[in-house]
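Each chain, letter by letter, is given below.
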Amino acid sequence: MRLNEQFIEMSQYAQTSGSARLSGAKPSADQPARFVPLAGVGNVRDLGGYPAAAGGTVRWRLLYRAGQLTGLSPADRAVLRDTLGVRTVLDLRRPAEVEPGLVEQCARAGIRHRTLPLGPDRPADQPDRCSGAAIELVTLLLRAFPAARPGLARLIRILASRGTLPAMLCCVLGRDRTGLAAAAVLSVLGVSDDAIVADYCLTGTAGCPAVWADRLQVNRGLAAPAELARARPEVMRAFLAGVRHGYGGMAAALAPFGAGPPVLASLRGRLLDRRLPH
């Protein structure tokens, strides 16, 4: 299968995962639409609906991923609060990257904003730069992973604790750091590599608002080429394989930092729906 065909197939799987994918059913209360349209925020989507190895599926409307929340309008804040019920925003950017006033905007909506950078801090005048080539992104993720392990374990502990959910993960584009975090959470929940790769590939597809490309141009100072705006399947697949080869899997990699079996059991209890399908 050619790369473009594989990308399209994975994206279609993730957008309509589960029984609706097989039956052609439209989104329902039990299986909502994956993408969440917001006027001022790009790449917002639900991480629910993916099957887990031990049985059940990831619950809908409990965990979301998004790009940066800079453009939140009053209507967007109302959607987060009233429609999605978001209690916590877990911002994976460095403190210097967080826009002035964002914490207060979230607070006005009754949402707690927590900064949870993955890895050591860096000066704001040293932005992340990469060409978007698949090999460079794989290298970036694998090089970032050792320093990110404590932060990812903390993320798992926060999500496993009472009063956090529903929660939203975000960074700048909602692809790299948020992709890393989403992959970690889905992996320890027992979601397959195929589903994790499929979810990663939704970034930059037609389901993402045009504001996503705007964020790319503003934050990286680039011309937003289509290649850079894509999340390529081989990147996430190679990253997951690297974690498995280097650490024995995601759970084993995060266990030394306080995300051991009791924490993972709590996380699965909160995020997995083990009810039998009707």
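Bear in mind the structure is a predicted one, so any value in this text is a computation, not a measurement.

A. A look at the overall build of the chain. The helix and strand inventory of the chain stands at 11 helices and 7 strands. By the burial criterion, 50% of the 278 residues in the chain qualify as buried. Taking the intrachain contacts of the chain between residues at least 6 apart in sequence as the baseline, contacts between residues at least 24 apart amount to 76%. For the chain, the accessible surface area stands at approximately 12300 Å², while carbon and sulfur atoms represent 56% of it.

B. Region of interest: the sheet that holds strand β3 (residues 63–66). Here 5 strands make up an open sheet; going across it, the order is β1-β3-β6-β4-β5 and the pairing mixed. Each edge of the sheet is formed by a strand with only one pairing partner; in this case those strands are β1 (45–46) and β5 (112–115). For strand β4 (residues 88–91) and β5, the ladder comprises 4 bridges, and the chain directions are parallel. What sits directly across from Leu-90, in β5, is Arg-114.

C. Looking closely at the packing of helix α7 (residues 193–200) against helix α9 (residues 233–247). Packing of α7 against α9 leaves a shortest axis separation of 8 Å and a crossing angle of 140°. On the basis of their axis angle, the class for α7 and α9 is oblique. Judged by the twist between their axes, the crossing of α7 over α9 is right-handed. Taken together, the residues of α9 that come into contact with α7 (itself represented by Asp-193, Asp-194, Ile-196, Val-197 and Tyr-200) are Pro-233, Val-235, Met-236, Arg-237, Leu-240 and Arg-244.

D. The side chain of Thr-203, seen in detail. The residue Thr-203 is located in the loop between α7 and α8 (211–220) in this model. Accessibility expressed as a relative area gives 0% for Thr-203, which makes it buried. Within polar-contact distance, the side chain of Thr-203 engages the side chain of Asn-43 at 3.0 Å.

E. Summary view of the pairing of β4. Residues of β4 alternate between two faces, with Thr-88 and Leu-90 on one and Val-89 and Asp-91 on the opposite face, all of them buried. One crossover worth recording links β4 to the parallel β5 by way of helix α4 (residues 102–108), and it is right-handed. Bridge count between β4 and strand β6 (residues 167–170): 4 bridges; the pairing is parallel. Paired with Thr-88 across the strands is Ala-167, a residue of β6.

F. Highlighting the packing of aromatic side chains. Considering all chains together, one arrives at 2 aromatic pairs under this definition. For the pair Phe-145 and Phe-239, a centre-to-centre distance of 5.7 Å together with 75° between the ring planes defines the contact as edge-to-face. Here the residue Phe-145 occupies a position in helix α5 (residues 134–160), and Phe-239 occupies one in helix α9, the gap between them amounting to 94 residues. Judged on exposure class, the residue Phe-145 and its partner Phe-239 are both buried. Here Phe-145 and Tyr-247 contribute two aromatic rings whose centre-to-centre distance is 5.3 Å and whose plane-to-plane angle is 70°, an arrangement assigned as edge-to-face. On the criterion of sequence distance, the pair formed by Phe-145 in helix α5 and Tyr-247 in helix α9 is long-range, its members being 102 residues apart. Phe-145 gets classed as buried once you look at its relative accessible area, which sits at 1%. In this structure an aromatic cluster arises from ring pairing among Phe-145, Phe-239 and Tyr-247.

G. Inspection of unusual backbone geometry at higher detail. Here the amide bond leading from Leu-165 into Pro-166 is cis, since omega sits at -5°, within 30 degrees of zero. One non-glycine residue, Asn-43, lies in the positive phi region at around 60°. For Asn-43, the position within the fold is in the loop between α2 (19–23) and β1. Phi at Arg-61 takes a positive value of approximately 60°, unusual for a residue other than glycine. Among the secondary structure elements, Arg-61 is positioned in the loop between β2 (57–58) and β3.

H. Spatial organisation of the pattern of salt bridges. Inspection of the entire model under this criterion finds 12 salt bridges. One salt bridge connects Asp-199 with Arg-45, and the closest N-O pair in it is separated by 3.7 Å. With Asp-199 in helix α7 and Arg-45 in strand β1, the pair connects residues that are 154 residues apart, well separated along the chain. Overall, Asp-199 belongs to the buried group, its relative accessible area being 1%. Each of Arg-45, Arg-65 and Asp-199 takes part in salt bridges that share partners, so that together they form one network.

Reading the values: the criteria
Residues numbered from 1 in each chain as written. Predicted model: local features only at pLDDT ≥ 70, side-chain atom pairs only at ≥ 80, totals over all residues. Heavy atoms only, no water. Helix = DSSP H or I, 4+ residues; strand = E, 2+ residues; numbered from the N terminus. Buried < 20%, exposed > 50% of the residue type's maximum accessible area, 1.4 Å probe, protein only. Contact = heavy atoms within 4.5 Å. Areas by Shrake-Rupley, 256 points an atom, 1.4 Å probe, with all protein chains shown as cover. Pairing = 2+ DSSP bridges. Axes fitted to C-alpha atoms, helices over the stretch in contact; angles between N-to-C directions. Parallel < 35°, antiparallel > 145°, perpendicular 65-115°, else oblique. Left-handed = near helix turned anticlockwise from the far one by under 90°. Polar contact = N/O pair within 3.5 Å; in protein donor to acceptor, adjacent residues only side chain to side chain. Right-handed = clockwise from strand over helix to strand, strands pointing away. Phe/Tyr/Trp six-rings, centres within 6.5 Å; stacked < 30°, edge-to-face > 60°. Salt bridge = Lys/Arg side-chain N within 4 Å of Asp/Glu carboxyl O.

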